[in-house]
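# Structural characterization, general
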Amino acid sequence: MKGWVRLAAAVCAAALCAGCALPGAERTSVEELLRAPRLEGDYGEIQAALDGWLGQSAQLRYPLNGELLSPFLMSDFDGDGVQDAAVLYTAADVPNICLAVLQKDAEGLWQVQDAVEGLTDTVDTVRFARLQEGGANQILVGYTAQQADSYLAVYAYQEGKIEAILAEPYDQYLIENITGTGYEDLVVMDTDAEGASRIKLLTSDREGSFRQAAVMGLSADRFTGCASLAAGMGAYGGQYLVLDGWTGVTGSNLASVLLRYNEKTQKMEPARQIGADALYEASLRNVPDLTSRDLDRDGVVEIPTQPEGAGLINMDQGRRMDFILWMDYTSAQPRKSFGLLDEELGFYLELPMEWYGILMLTDGPEEDTVELRSQDGSRLYLTVRVTSIADRTPGWTRLGVVSSRLVQAQFGPDVQLMDQLYRLSRSFYIL
């Protein structure tokens, strides 16, 4: 067997040497040797068509983050109801990543229609959006540069040509139908040269370009920057935008702003359901990761608040736990969800709303356990513990696994719930 291995190695070495010695023979570059094998099916045909159009082998480039992690982007880019293809790639004579759009011809063969050079040599994310009238998808590409600057480009494909219809610096962006036009809008947040956050609402006009609507959001005397953006439906319809801003002496606390699009003024303005000062005070929190979100995925963005006098710091365990009340301030009954937050492990356990205002949080008798008791301490409502994944102790409800630890809970004796729909096993959220 060893003889066969030596023979094979010798044959390969001889072949390589012979190839190198042949006059006029093309040398295979390291780049070619390391290139991934050619893809099969549509992807392979698309790559072959691109290579033929370029007259060289394209280097496929992959987005670093997001849901679309392929260099091949398949969607309807011109609104004719037929799927098209776009490809992210680099070529030998172009420093930045390029985008090409391909369509099938009458014989069913992929053909390159147009290509454009991008803004940098790195793509962070790619999204599709319908920012204009019609059934076509536009391509949103988030580029990053070596200086850590990020730029968002929006490409539209019309009449066989790719058009870059928007290029903006950005830190975060959202795609939502905020203005009620029937197609989607773009909310872009970035930081100016002085370090202040700028938030823009960009909506497409009938000419296919973008107009900017003012966002009356984070006041400079109260906020030092924007931490997150979230958009969702209100309790009675309509789109709302929630901004979580950095605030406090150290700039590490969070508070929220609730905005609604005013069709008359064409501005994003504070919602009328709650005053800006009242919302600031209610949503002020000292947990940097506790951002507003659609917690239960019902389309409504919930804003977290910390009830007065609730919770404690578990110094013995070295982990901060607290009660949290999530609010929908677009509703006449804003209390949405009440429960327990574990800041160290980053999870939220929803509790029955009927327990709101009657609980006290204390350390349990065992390590890594906490108890929810009546405020006089006499009645035990719930015990929560964090244990090893392999734990199979009977009598405990498995909630979930976070940071390689198993979270379990157990009701206290004789606990009766008025809410018959509440289930411990469906009340665990990893934040």
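So, here's what we can say about the structure.

### As for the overall build of the protein chain
Counting its regular elements, the protein chain contains four helices and 28 strands. Taking all contacts inside the protein chain whose residues are at least 6 apart in sequence as the whole, residues at least 24 apart take part in 44%.

### A few points about the environment of Gln 113
Within the secondary structure, Gln 113 is located in strand E5 (residues 110-117). When the C-alpha atoms of Gln 113 and Tyr 157 are compared, they prove to be 9.7 Å apart, with 44 residues separating the residues in sequence. Not counting residues up to four positions away in its chain, the partners in contact with Gln 113 are Val 101, Leu 102, Gln 103, Tyr 157 and Gly 160. A polar side-chain atom of Gln 113 sits 3.2 Å from the main-chain carbonyl oxygen of Gln 111.

### Examining the nonpolar core
Core analysis: the biggest nonpolar cluster contains 38 residues, and Phe 323, Leu 351, Trp 355, Leu 359, Leu 382, Val 384 and Val 407 have the highest contact counts within it. Beyond its immediate sequence surroundings of up to four residues, Val 384 is in contact with Leu 340, Leu 349, Asp 368, Thr 369, Val 370, Val 407, Gln 408 and Ala 409. One finds Val 187, Val 257, Leu 259 and Met 268 within the second-largest nonpolar core, a separate group that totals 20 residues.

### Some thoughts on the sheet that holds strand E7 (residues 138-144)
Pairing between the strands of a sheet is mediated by backbone hydrogen bonds and can be parallel or antiparallel. On the basis of which strands lie adjacent, the open sheet formed by four strands has the order E6-E7-E8-E9 and antiparallel pairing. Here the strands that pair on one side only, and so sit at the sheet edges, are strand E6 (122-129) and strand E9 (161-169). Direction aside, the axes of adjacent strands within the sheet are offset by 25° on average. Taken together, the eight bridges between strand E8 (residues 150-158) and E9 define a ladder with antiparallel strand orientation. Pairing of Gln 158 across the sheet is with Lys 161, part of E9.

### With respect to empty space enclosed by the protein
Considering all chains together, one arrives at one cavity of 30 Å³ or more under this definition. Size it by volume and the largest cavity reaches roughly 70 Å³. Together, Gly 232, Met 233, Tyr 240, Val 242, Leu 258, Val 300, Val 301, Ile 303, Met 327, Asp 328, Tyr 329 and Thr 330 line the largest cavity. Taken together, the elements giving at least two residues each to the lining of the largest cavity come down to strand E14 (225-233) and strand E15 (239-247).

### Examining the side chain of Arg 285
Positionally, Arg 285 belongs in the loop between helix H4 (276-283) and strand E18 (303-305). With a relative accessible area of 2%, Arg 285 lands in the buried category. In this structure the side chain of Arg 285 is engaged in a polar contact, spanning 3.3 Å, whose partner is the side chain of Ser 256. In this structure, Arg 285 is in contact with Asp 244, Asn 253, Leu 254, Ala 255, Ser 256, Leu 290, Thr 291, Ser 292, Ile 303, Pro 304 and Gln 306, ignoring residues within four places of it in sequence.

### Concerning the packing of aromatic side chains
On inspection of all chains with the given rule, the structure shows eleven aromatic pairs. With centroids separated by 5.3 Å and ring planes inclined at 80°, the aromatic side chains of Phe 338 and Tyr 356 adopt a geometry described as edge-to-face. Of the two residues, Phe 338 is situated in strand E21 (residues 335-342) and Tyr 356 in the loop between strand E22 (347-351) and strand E23 (359-363); the sequence distance between them amounts to 18 residues. The exposure class assigned to Phe 338 is buried, which follows from its relative accessible area of 3%. Among the aromatic residues, those joined into a ring-pair cluster are Phe 323, Phe 338 and Tyr 356. Above the plane of the ring of Tyr 280 lies Arg 222, whose end atom (NZ or CZ) is 4.3 Å from the centre. Between the NZ or CZ atom of Arg 385 and the centre of the ring of Trp 396, over which it lies, the distance is 4.3 Å.

### Things to note about the sheet that holds strand E27 (residues 405-411)
An order of E23-E24-E25-E27-E26 is seen for the five strands of this open sheet, with the pairing classed as antiparallel. Each edge of the open sheet carries a strand with a single partner, namely E23 and strand E26 (397-402). For this sheet, the mean inter-axis angle between neighbouring strands, taken without regard to orientation, is 20°.

### Concerning H4
Taken as a whole, H4 has its buried residues at Leu 279, Tyr 280 and Ser 283. Looking straight down H4, one finds that the buried residues subtend no more than 100° of arc, so they occupy a single side. The exposed residues of H4 that point more than 90 degrees off its buried face are Asp 277 and Glu 281. Each element contacted by the buried residues of H4 is listed here: E15, strand E16 (253-262) and E18.

### Describing the pairing of E8
The element E8 is largely enclosed, with a buried count of seven among its nine residues. Between E7 and E8, which pair antiparallel in sequence order, lie five residues; one of them, Ala 148, sits at a positive phi of approximately 70°. The antiparallel pairing of E8 with E9 creates a hairpin that spans two residues between the two strands, and Glu 159 there sits at a positive phi of about 50°.

### Regarding the pairing of E15
Burial of E15 is extensive: eight of the nine residues sit out of reach of the surface. As judged from the eight bridges shared by E14 and E15, these two strands associate in the antiparallel manner. The partner of Gly 232 across the bridge, within E15, is Tyr 240. From the end of E14 to the start of E15, which pair antiparallel, there are five residues, and Gly 237 there has a positive phi angle of about 90°. The pairing of E15 with E16 spans eight bridges and is classified as antiparallel. Each bridged residue has a counterpart across the sheet, and for Val 242 the counterpart in E16 is Leu 258.

Calculation criteria
- Residues numbered from 1 in each chain as written.
- Predicted model: local features only at pLDDT ≥ 70, side-chain atom pairs only at ≥ 80, totals over all residues.
- Heavy atoms only, no water.
- Helix = DSSP H or I, 4+ residues; strand = E, 2+ residues; numbered from the N terminus.
- Contact = heavy atoms within 4.5 Å.
- Polar contact = N/O pair within 3.5 Å; in protein donor to acceptor, adjacent residues only side chain to side chain.
- Core = buried A, V, L, I, M, F, W, Y, C linked by side-chain atoms within 4.5 Å.
- Buried < 20%, exposed > 50% of the residue type's maximum accessible area, 1.4 Å probe, protein only.
- Pairing = 2+ DSSP bridges.
- Axes fitted to C-alpha atoms, helices over the stretch in contact; angles between N-to-C directions.
- 1 Å grid on protein atoms, 1.4 Å probe; cavity = no way out; pocket = protein on both sides within 12 Å on 5 of 7 lines; lining within 4 Å.
- Points joined across faces, edges and corners; volume = space filled by probe spheres on them.
- Phe/Tyr/Trp six-rings, centres within 6.5 Å; stacked < 30°, edge-to-face > 60°.
- Lys NZ or Arg CZ within 6 Å of the ring centre and 35° of its normal.
- Arc of directions from axis to C-beta.

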